[in-house]
Amino acid sequence: MFKYTVKRLLQSLLTVLIVVSIVFVLMRCLPTDYFFTDEQQIKFSDEQKHDILQAAGLLDPIPTQLFRFYRGLLHFDFGESRRIRTGVGVWEIVADKFTVSMRMGVTAMAISLAVGVVLGVLQARQKDRLMDHIGTVYTVFINSVPTLVSYSLVLVFGARVLGLPSLYSNRNPGQSSILPIACLALTSIAHYALWTRRYMVDESTKDYIKLARIKGMSNQSIMVKHVLKNAFVPLAQYIPASLLLTLAGSLLVERFFSVPGMGTLMTEAIQRYDTNVVQGCVFLYAGLGVVGVFLGDVLMMILDPRIKLAGGGETR
């Protein structure tokens, strides 16, 4: 366990380093004209632009800039914003936005996990009956309809029928977060319901379940103590990673509902060529991704001690 943990942590750090390095190099390969606004392009002479770029270190060779970036990365220092909030540290900007996205993401994940697992259990217990057909229709609909269409349906129903705010407001964050959270939870509910049903149906056909029925155990006990418990093990692997998927999905949801979160910050930073903010956002997303996958493996092993993590000649 210890060797596996150390190995995976080192792999995770290397993965994050590779991702942020690639993004850094690609951003530095863009024309330097993007560094200036349209007003600055007209206002500054070529000599002034050259001096500004040189002072910012953008005219140095790429390896030199990359080494300077790694040195700042050791202290989690991504510098200051050049466009979005000039002179303000990147982490200060990211922290403000990340709080909004994380609050919505965690809430959406909790709702989707609870509703999705319950729906999947009901489908498995009533296989090929009405509840199973309803769940299947919902899952197929969510996975087949374009995301913007389903978001639009939620917006129309929530705003016109329920009277909920259609846009996010800092003055009323609770009520105005309902529709964005609902959109974030839609896909995850279908995902959890689909896989919970599948794993429970697979487990219910195994020999040890048939033996439990022969011994006289009730269907309720079999479902709770055996089928659901064992079916939840492979599902648990995706729970930490699903938080990242929820945050990634917020890129579209936040733009759709004008939520001032990480999704809005990321797109704005790219559009305005705020390289330092882009690098900070990429580092955060990459870190969440590799940590989510790692925690998923560990959580699955904790729930089922029979699972052996890769180490030496063993396989998971």
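Now for a description of the structure that goes with this document. In this text, all values refer to a predicted model and were calculated from it rather than measured experimentally. (Residues numbered from 1 in each chain as written. Predicted model: local features only at pLDDT ≥ 70, side-chain atom pairs only at ≥ 80, totals over all residues. Heavy atoms only, no water.)

## Focus: the overall build of the protein chain
Thought 1: Each helix and strand counted, the protein chain has 14 helices and zero strands in total.
Thought 2: Counting from the amino terminus, the protein chain carries its helices and strands in the arrangement α-α-α-α-α-α-α-α-α-α-α-α-α-α.
Thought 3: Each of the three principal axes of the protein chain carries a C-alpha extent, and together these read 85 × 60 × 30 Å.
Thought 4: Residues classed as buried in the protein chain amount to 41% of the 316 residues present.
Thought 5: Within the protein chain, counting contacts between residues at least 6 apart in sequence, those at least 24 apart form 68% of the total. (Helix = DSSP H or I, 4+ residues; strand = E, 2+ residues; numbered from the N terminus. Buried < 20%, exposed > 50% of the residue type's maximum accessible area, 1.4 Å probe, protein only. Contact = heavy atoms within 4.5 Å.)

## What about the pattern of salt bridges?
Thought 1: Summed over the entire model, instances satisfying the criterion amount to eight salt bridges.
Thought 2: For the salt bridge of Arg197 with Asp132, the shortest nitrogen-to-oxygen distance reads 2.8 Å. Of this pair, Arg197 sits in helix H9 (residues 178-204) while Asp132 sits in helix H6 (residues 130-144), placing them 65 residues apart in sequence.
Thought 3: Note on Asp132: relative accessible area 2%, which makes it buried.
Thought 4: Between Asp202 and Arg198 there is a salt bridge; the shortest N-O distance is 4.0 Å. Of this pair, Asp202 and Arg198 both sit in helix H9, four residues apart, which is roughly one turn of the helix. (Salt bridge = Lys/Arg side-chain N within 4 Å of Asp/Glu carboxyl O.)

## Some details on unusual backbone geometry
Thought 1: A positive phi is found at Ser258, a non-glycine position, where the angle reads about 55°.
Thought 2: Relative to the helices and strands, Ser258 is located in the loop between helix H12 (239-257) and helix H13 (262-271).

## With respect to a nonpolar patch on the surface
Thought 1: Together, Leu14, Leu17, Ile18, Ile22 and Leu26 line one region of the surface with nonpolar side chains, adding up to about 460 Å² of accessible area.
Thought 2: The residue Leu14 is located in helix H1 (residues 2-28) in this model. (Patch = residues over 30% accessible without salt bridge, like charges linked within 9 Å, V, L, I, M, F, W, Y side chains within 5 Å. Areas by Shrake-Rupley, 256 points an atom, 1.4 Å probe, with all protein chains shown as cover.)

## Details of the packing of aromatic side chains
Within a pair of aromatic rings, the relevant descriptors are the distance that separates the centres and the angle that separates the planes.
Thought 1: Scanning the entire structure with this criterion turns up ten aromatic pairs.
Thought 2: Ring geometry for Phe69 and Phe78: centres 6.0 Å apart, planes at 55°, overall tilted. Both residues of the pair, Phe69 and Phe78, count as buried.
Thought 3: An aromatic cluster is built from Phe24, Phe69, Tyr70, Phe76, Phe78, Trp91 and Phe283, whose rings are joined through pairwise contacts. (Phe/Tyr/Trp six-rings, centres within 6.5 Å; stacked < 30°, edge-to-face > 60°.)

## Some remarks on the side chain of Glu254
Thought 1: Here Glu254 lies in helix H12.
Thought 2: Here Glu254 is buried and forms no salt bridge, its nearest opposite-charge partner Lys97 lying at an N-O distance of 8.2 Å.
Thought 3: Not counting chain neighbours up to four residues away, the residues in contact with Glu254 comprise Ser101, Val259, Gly261, Met262, Gly263 and Thr264. (Lys, Arg positive; Asp, Glu negative; His and termini not counted.)

## Focus on the environment of Met266
Thought 1: Mapped onto the elements, Met266 comes out in helix H13.
Thought 2: C-alpha of Met266 to C-alpha of Leu251: the two residues are 15 residues apart in sequence and 7.9 Å apart in space.
Thought 3: Once residues within four sequence positions are removed from consideration, Met266 is found in contact with Leu251, Cys281 and Val282.

## A look at the environment of Val88
Thought 1: With respect to the helices and strands, the residue Val88 is situated in the loop between helix H4 (62-73) and helix H5 (90-125).
Thought 2: Judged by relative accessible area, which is 18%, Val88 ranks as buried.
Thought 3: With residues up to four places along the chain from it excluded, the contact list for Val88 reads Glu80, Ser81 and Ile93.

## Observations regarding the nonpolar core
Thought 1: Counting residues in each nonpolar core, the largest one holds 33 residues, and the members touching the most others are Val20, Phe69, Val94, Met262, Leu265 and Val277.
Thought 2: Among the elements of the structure, H1, H4, H5, H13 and helix H14 (275-303) are those that each provide at least two residues to this core.
Thought 3: A total of nine residues in this core trace back to one element, the largest contributor, which is H14.
Thought 4: Apart from residues no more than four positions distant in its own chain, Val94 is found in contact with Met262, Leu265 and Leu284.
Thought 5: One finds Tyr151, Val154, Ala185 and Ala190 within the second-largest nonpolar core, a separate group that totals 19 residues. (Core = buried A, V, L, I, M, F, W, Y, C linked by side-chain atoms within 4.5 Å.)

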